[in-house]
Amino acid sequence: MPRHLVSIENTGEEFLCEESVPVLLAMESAMRHGIPVGCRNGGCGICKVEVLSGEFAARVMSRAHVSLEEQVAGHVLSCRIRPRSALRLRALRTTTRKEV
Ligand code: FES
């Protein structure tokens with residue numbers, strides 16, 4: 001399975017991610033921390049990133065967390081995307097603190 005380099009602009013971290021693996025899970029496996037981790041299943045929205053460059057495959061994302069406009073602008077949940085090329089991302093939330 002091809003692997004692609006993923007870089008997180010906020011922290012300068014890089015890691016490799018297989019095409020079959022969600023970006024957020026690959027980041028955790030590589031012991032990187034630039035994207036906040038929550039439910040890992042598209043339910044909380046905390047792992048939202050802006051894709052600055054690169055191709056990816058996305059699973060369905062709740063409109064509660066990603067509006068159509070956001071998705072068109074490349075704002076996606078990193079636990080719901082798998083890379084199809086090298087990716088450059090910017091984490092949109094930089095704290096793991098739960099919002100109330
Ligand atoms: S970790 Fe909760 S939506 Fe991605």
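Report follows, based on the coordinates. These numbers were taken from a predicted model, which means no experiment stands behind them.

Below, the discussion takes up the overall build of the protein chain. Along the backbone of the protein chain there are two helices and seven strands. The N-to-C order of helical and strand elements in the protein chain reads β-β-α-β-β-α-β-β-β. In terms of overall dimensions, the protein chain is globule-like: its C-alpha atoms have a radius of gyration of 12 Å, near the 13 Å expected for 100 residues. Expressed as lengths along the three principal axes of its C-alpha atoms, the size of the protein chain is roughly 35 × 25 × 20 Å. Put simply, the protein chain has 100 residues, and 30% of those count as buried. Relative to all contacts within the protein chain whose residues are 6 or more apart in sequence, the contacts with residues 24 or more apart total 60%.

Let us look at the sheet that holds strand 2 (residues 13-18). Overall, mixed pairing links the five strands, which are arranged 2-1-7-3-5 in an open sheet. The open sheet is flanked by strand 2 and strand 5 (75-77), the only strands paired with a single partner. This sheet shows a mean twist of 40° between the axes of neighbouring strands, independent of strand direction. Note: strand 1 (residues 3-8) against strand 2, six bridges, orientation antiparallel. For S7, the partnering residue across the bridge sits in strand 2 and is E14.

The rules behind the values
- Residues numbered from 1 in each chain as written.
- Predicted model: local features only at pLDDT ≥ 70, side-chain atom pairs only at ≥ 80, totals over all residues.
- Helix = DSSP H or I, 4+ residues; strand = E, 2+ residues; numbered from the N terminus.
- Rg over C-alpha atoms; globule rule 2.2 N^0.38 Å.
- Buried ≥ 20, exposed ≤ 12 C-beta atoms within 10 Å, placed from the backbone.
- Contact = placed C-beta atoms within 7 Å.
- Pairing = 2+ DSSP bridges.
- Axes fitted to C-alpha atoms, helices over the stretch in contact; angles between N-to-C directions.

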